[in-house]
Amino acid sequence: MPRVNGSEDLKSGKGMAHSVVSCVLSIDNDVALTFQGGITVSRLSEKGELIMSDNPVIALIGPGAIGTTIAAVLHDAGRTPLLCGRTAHPELRLRYDEGETVVPGPVLTDPAVITRPADLVFIAVKTTQNADSAGWLRALCDENTVVCALQNGVEQKAQLEPLVNGATVLPSVVWFPAQREPDASVWLRAKPRLTLPDVTQAQRVVEALRGTRCEVELSTDFATVAWRKLLQNAVAGLMVLANRRAGMFRREDISELALTYLREGLTVARAEGARLDDAVADEILANFQRAPEDLGTSILADRQADRPMEWDIRNGAIQRYGRRHGIAVPISDVVVPLLAAGSEGPG
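Residues numbered from 1 in each chain as written. Predicted model: local features only at pLDDT ≥ 70, side-chain atom pairs only at ≥ 80, totals over all residues. Heavy atoms only, no water.

### Overview of the sheet that holds strand β16 (residues 193–197)
Pairing is mixed across the open sheet formed by three strands, whose spatial order is β13-β16-β17. Sheet topology places β13 (173–174) and β17 (215–219) at the edges, where each strand pairs with a single neighbour. Sheet topology places β16 next to β17; five bridges connect them, and they run parallel. The residue of β17 that forms the bridge with R193 is E215. (Pairing = 2+ DSSP bridges. Helix = DSSP H or I, 4+ residues; strand = E, 2+ residues; numbered from the N terminus.)

### Regarding empty space enclosed by the protein
This model, assessed by the stated rule, comprises one cavity of 30 Å³ or more. The calculated volume of the largest cavity comes to roughly 50 Å³. Around the largest cavity, the lining residues are Q151, N152, G153, Q156, S172, V173, V174, A226, K229, L230 and N233. Listing elements by their share of the lining of the largest cavity, those giving two or more residues are β13 and α6 (222–242). Counting residues per element, the lining of the largest cavity draws most heavily on α6, which supplies four residues. Looking at side-chain class alone, the lining of the largest cavity contains four nonpolar, six polar and one charged residues. (1 Å grid on protein atoms, 1.4 Å probe; cavity = no way out; pocket = protein on both sides within 12 Å on 5 of 7 lines; lining within 4 Å. Points joined across faces, edges and corners; volume = space filled by probe spheres on them. Nonpolar A, V, L, I, M, F, W, Y, C, P; charged D, E, K, R; others polar.)

### Some thoughts on the sheet that holds strand β10 (residues 120–123)
An order of β7-β6-β10-β11-β12 is seen for the five strands of this open sheet, with the pairing classed as parallel. This sheet does not close on itself; its edge strands, each paired only once, are β7 (82–84) and β12 (168–171). Between one strand axis and the next, the sheet turns through 20 degrees on average, direction left out of account. Sheet strands in contact with helix α2 (residues 65–76) are β6 (58–61), β7 and β10, and its direction is about 160 degrees off that of β6. (Axes fitted to C-alpha atoms, helices over the stretch in contact; angles between N-to-C directions. Contact = heavy atoms within 4.5 Å.)

### Focus: the pairing of β6
Neither face of β6 is open: one carries I58 and L60, the other A59 and I61, and all of them are buried. Where β6 and β10 come together, four bridges link them in parallel fashion. Opposite I61, over in β10, you have I123 as the bridge partner. As paired elements, β6 and β7 share three bridges and run parallel to each other. When the sheet's bridge partners are listed, L60 is paired in β7 with L83. Taken together, β6, α2 and β7 constitute a β-α-β crossover, and its handedness is right-handed. (Buried < 20%, exposed > 50% of the residue type's maximum accessible area, 1.4 Å probe, protein only. Right-handed = clockwise from strand over helix to strand, strands pointing away.)

### Overview of the packing of aromatic side chains
Under the defined criterion, the tally for this structure stands at two aromatic pairs. With a centroid separation of 5.7 Å and 80 degrees between ring planes, the pair formed by W227 and Y321 is classed as edge-to-face. You can see W227 sitting in helix α6 and its partner Y321 sitting in helix α10 (residues 311–324), a full 94 residues away along the chain. The ring of W187 has R189 sitting right over it, with the charged end atom 4.1 Å from the ring centre. For the cation-ring pair, R213 lies above Y96, with the distance from its terminal atom to the ring centre recorded as 4.1 Å. (Phe/Tyr/Trp six-rings, centres within 6.5 Å; stacked < 30°, edge-to-face > 60°. Lys NZ or Arg CZ within 6 Å of the ring centre and 35° of its normal.)

This is the structure we're talking about:
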């Protein structure tokens with residue numbers, strides 16, 4: 001990666017094959033320098049050197065558990081993204097079985113420092129925080145940007161398209177458990193894996209994550225994959241109502257309830273075009289039963305921290321789509337109001 005030395009080389013143009021089009025200092029050592037020819041300088045080193053990159057400009061909104069994981073795998077591959085969020089963390093730290101990765105910060109907190117759109121934006125905020133991310137999306141996106149939604153649910157495009165300034169929204173399914181620790185680090189508990197629809201825009205994500213520890217799969221039947229993940233997320237909502245982690249699914253009574261709920265969701269998923277067979281319900285339950293007893297889920301963590309929960313996108317969707325198709329959803333009719341009340345009150 002080529003470097004040039006601070007202000008003297010900026011004045012002289014030494015070491016630069018392209019003339020400077022713009023130069024904006026954001027905060028601390030973060031800079032945004034754009035050259036003719038598309039080369040972007042994204043950071044000042046500790047020695048005051050400008051670090052230039054020929055890679056596409058990548059940004060990440062929401063450096064929580066999933067966002068930190070993606071930022072870390074990109075950083076390990078030399079493609080450190082611009083970090084955008086609500087809190088100016090000085091760094092991000094990901095722990096995994098083989099060690100840890102530290103992603104240098106700080107996390108930017110003001111969209112006003114963004115001076116040009118990114119080529120690829122990963123958005124990893126909860127769907128309850130989409131509206132709060134609108135400023136970042138306006139600043140980082142234009143019609144040439146691809147926004148990869150690292151979010152739950154089957155309604156990612158519908159929720160984000162009004163916010164992305166003409167960009168293409170690429171839904172994804174996230175298949176790895178990662179959890180925030182008390183020291184603000186993130187514990188990655190399985191190999192990271194994403195599923196994307198097999199469309200042209202997905203190649204931008206494939207190339208960004210090529211050679212990283214995150215596996216990317218392309219699916220020609222993405223709706224089926226997304227609905228399977230939604231069923232998994234929905235049944236995890238039972239953990240909120242019991243205030244217990246994955247070990248609860250080893251109880252016979254909880255297993256029976258979970259299977260009934262999964263089969264209810266399966267009927268709705270099929271009505272929406274998902275090609276899922278009867279065995280899927282048993283497979284999802286078996287995965288919970290095999291999981292470590294202390295394995296949690298993001299919606300349980302939100303409830304325990306008294307944060308708004310993604311009850312509607314994870315559980316309400318089955319109820320809503322079921323009613324649309326005239327399908328009885330008796331388990332949803334109990335679970336959804338309880339989750340909604342737990343999230344929003346009153347009381």
